[in-house]
Amino acid sequence: MTTLAIFRRAASGPLTAAALLALAACGPEMPGSDTSPAVVPRPAEAPESVRQAALRRERAEQARLEQQRATREPSTASLTMRDYLRGIQDTLVGRGLMRTDDGTSAGPISVATLTENFVAIALHDEYERQNGALVHRVHEAPLRRWSAPVRLQLEFGPSVDAATRVRDRAAVADYAARLSQASGHPVSLTGSGGNFAVLFVSEDDRRSIGPRLAQLVPGIPAADVQAIVDLRPQNFCSVFAYSSGSAPEYTRAVAVIRAELPPRMRLSCVHEELAQGLGLANDSPNARPSIFNDDEEFALLTRHDEMLLRILYDRRLRPGMREPEARSIIQTIATELLGGNS
């Protein structure tokens, strides 16, 4: 299993979610043996209206229990993280960073700039695995992307209240449509059976997430699970994308987003982690206007970034290509996207 791991870090001076409690279906206990010669009549089935009413009551009770858990007082650790992140957002916005425009006002983008930024972001990795652990070291990498449609599956920790879940789901659904349009690759939201999990979890939720991660990504390395469980305070969010063996096509991904994040940083994490999980793996200090830059100037996907996605999923590029083979094709696509502007 090949891993792409990306962590969104606090500006200097790929799976997580709370362990969701599975409700076990309770049925009548089966007898250990059948020794009675008598034939027991089969009970008459309940009418469909009765079964539906029971199902509605069960769902309502489940929702009540989840809401009850969500209204419990958060721990000191979670409250401290919430205040810490709010302070970071206030500071960044006060400095004119975390912009929400599309970057057009930053000026024209040249073919050379778009080409170099794509090479830096899509054909380099930020992390590599050494002795089972993820180590920060930027290095050249082959082009990787999804071949199958991307199906985003949202999961929330018990600490996330119902109203916040509705807002997050709407935001991700809108962004999925934008990613699909920008890349030309199918990206959509699904209720179950997804291949790209997006997990909103708090400090309180994240500690017992290991078993759920193993379900979402069978064979996930233990080091990745631990990196998520022990997510460092300076990491706002992260994404892990996985391919089968050494194949360059992604088949699974999981993004973890801190539930304590304030609104603009929360949406910014959604934008960056989901786009990076599609194959734009690296950040570059030269990329502008872009969210793929640790300077935090832009909070949301820009027009420049949409063009990077369009290049990434252009059929003239093939998964597994490296820079020497891909560069001239990238330049041709960039020229077409920019109308020949040099």
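Residues numbered from 1 in each chain as written. Predicted model: local features only at pLDDT ≥ 70, side-chain atom pairs only at ≥ 80, totals over all residues. Heavy atoms only, no water.

Describing the packing of aromatic side chains
For clarity, the threshold we go by: Geometry of aromatic contacts follows a simple scheme: Phe, Tyr and Trp rings, the Trp one being its six-membered ring, pair when their centres are within 6.5 Å, and the pair is stacked under 30 degrees between planes, edge-to-face over 60, tilted otherwise. What counts as a helix is a DSSP run of H or I of at least four residues, what counts as a strand is a run of E of at least two, and both are numbered from the N terminus. Categorising residues by exposure relies on relative accessible area from a 1.4 Å probe, with only protein chains included: less than 20% of the type maximum marks a residue as buried, more than 50% marks it as exposed, and the intermediate range marks it as partly exposed.
Within this structure, the stated rule accounts for three aromatic pairs. Judged by centre distance (5.3 Å) and plane angle (15°), the ring pair of F156 and F200 falls under stacked. With F156 in strand β5 (residues 150-156) and F200 in strand β7 (residues 196-201), the pair connects residues that are 44 residues apart, well separated along the chain. Accessibility assignment for this pair places F156 and F200 in one class, buried. A network of ring pairs unites the aromatic residues W146, F196 and Y250 as a single cluster.

Focus: the confidence of the model for the chain
A low pLDDT score tells you not to read the predicted coordinates there in detail. What counts is decided by this rule: Per-residue confidence from the predictor is given as pLDDT, running between 0 and 100. In this analysis, two residues are considered to be in contact whenever any of their non-hydrogen atoms come within 4.5 Å of each other.
Summing up the model confidence of the chain, the mean pLDDT is 84 and the portion of residues at 70 or higher is 78%. With pLDDT under 50 throughout, residues 12-45 is counted as low confidence; its partners more than four residues away or in other chains account for 51 contacts.

Some words on helix α8 (residues 263-277)
One full turn of an α-helix is made of 3.6 residues, so residues set three or four places apart face in the same direction. Short version of the rule: Any helix carries an expected span of 1.5 Å times its number of residues minus one.
For α8, spanning 15 residues, the distance from its first C-alpha to its last is 21 Å, which sits close to the expected 21 Å at 1.5 Å a residue. Summarising burial for α8: twelve of the 15 residues are buried, a large majority. Listing the buried residues of α8 in full gives M265, R266, S268, C269, V270, H271, E272, E273, L274, A275, Q276 and G277. Following α8 by one or two positions, G279 has its phi on the positive side, about 135°.

Side note on the packing of helix α9 (residues 303-312) against helix α10 (residues 323-337)
Put simply, the rule is: Lines fitted to C-alpha atoms define the axes here, with helix axes fitted over just the stretch in contact, and angles between the N-to-C directions of these axes take values from 0 to 180 degrees. Angle categories are assigned with fixed cut-offs, so that under 35 degrees is roughly parallel, over 145 is roughly antiparallel, 65 to 115 is roughly perpendicular, and the rest are oblique. When the near helix sits turned anticlockwise from the far one by under a right angle, the crossing is termed left-handed; a clockwise turn instead gives a right-handed crossing. Basically, the charged four are Asp, Glu, Lys and Arg, the nonpolar ten are Ala, Val, Leu, Ile, Met, Phe, Trp, Tyr, Cys and Pro, and anything else, Gly included, counts as polar.
Axis separation between α9 and α10 bottoms out at 10 Å; the angle between their running directions is 130°. Taken together, the axis directions place α9 and α10 in an arrangement best described as oblique. The interaxial crossing formed by α9 with α10 has right-handed handedness. In this structure, α9 uses M307, R310 and I311 to contact α10, whose residues at the interface are I330, I333, A334 and L337. Classifying every residue of the contact of α9 with α10 gives six nonpolar, no polar and one charged.

With respect to helix α3 (residues 111-122)
Its twelve residues give α3 an end-to-end C-alpha distance of 16 Å, which sits within 8% of 16 Å, the value for a rise of 1.5 Å per residue. In terms of burial, α3 is largely enclosed, as nine of its twelve residues are buried. Of all the residues in α3, the buried ones are V111, L114, T115, N117, F118, V119, A120, I121 and A122. Check the buried side of α3 and you find it contacts β2 (124-130), α9 and α10.

Thoughts on unusual backbone geometry
Most peptide bonds take the trans configuration, and most residues that are not glycine carry a negative phi. In the segment running from R288 into P289, the intervening peptide bond is cis, with an omega of 0°. Tracing the chain through its elements places P289 in the loop between α8 and α9. Look at M98: it is not a glycine, yet its phi comes out positive at around 60°. Among the structural elements, M98 can be located in the loop between α2 (76-94) and α3.

Let's talk about the nonpolar core
Selection rule: The definition of a nonpolar core used throughout is a set of buried Ala, Val, Leu, Ile, Met, Phe, Trp, Tyr and Cys residues joined through side-chain atoms within 4.5 Å.
With 66 residues, the main nonpolar core has F118, L152, L179, F196, L274, L280 and L317 as its most contacted residues. Per-element accounting of this core gives the leading share, six residues, to α3. Discounting residues that sit within four places of it in the chain, L274 has contacts with L152, V172, Y175, L179, F196, V198, A255 and C269.

Re the packing of α2 against α8
Running from N to C, α2 and α8 cross one another at 90°; their axes reach a closest spacing of 9 Å. The pairing of α2 with α8 is recorded here as roughly perpendicular in orientation. Between α2, through L85, I88, Q89 and V93, and α8, the contact on the second element is made entirely by P263, R264 and M265. Tallied by class, the residues present in the contact of α2 with α8 amount to five nonpolar, one polar and one charged.

Considering the pattern of salt bridges
Stated precisely, the cut-off is as follows: The working definition used for a salt bridge is a side-chain nitrogen of Lys or Arg within 4 Å of a carboxyl oxygen of Asp or Glu.
In total, this model carries 17 salt bridges according to the counting rule given. Here the residues in one salt-bridge network are E203, R206, R207, D230 and R258, joined through shared partners.

A few points about the environment of G107
Residue position: G107 is located in the loop between α2 and α3. Distance from G107 to P289, taken between C-alpha atoms, is 8.7 Å for residues 182 residues apart in sequence.

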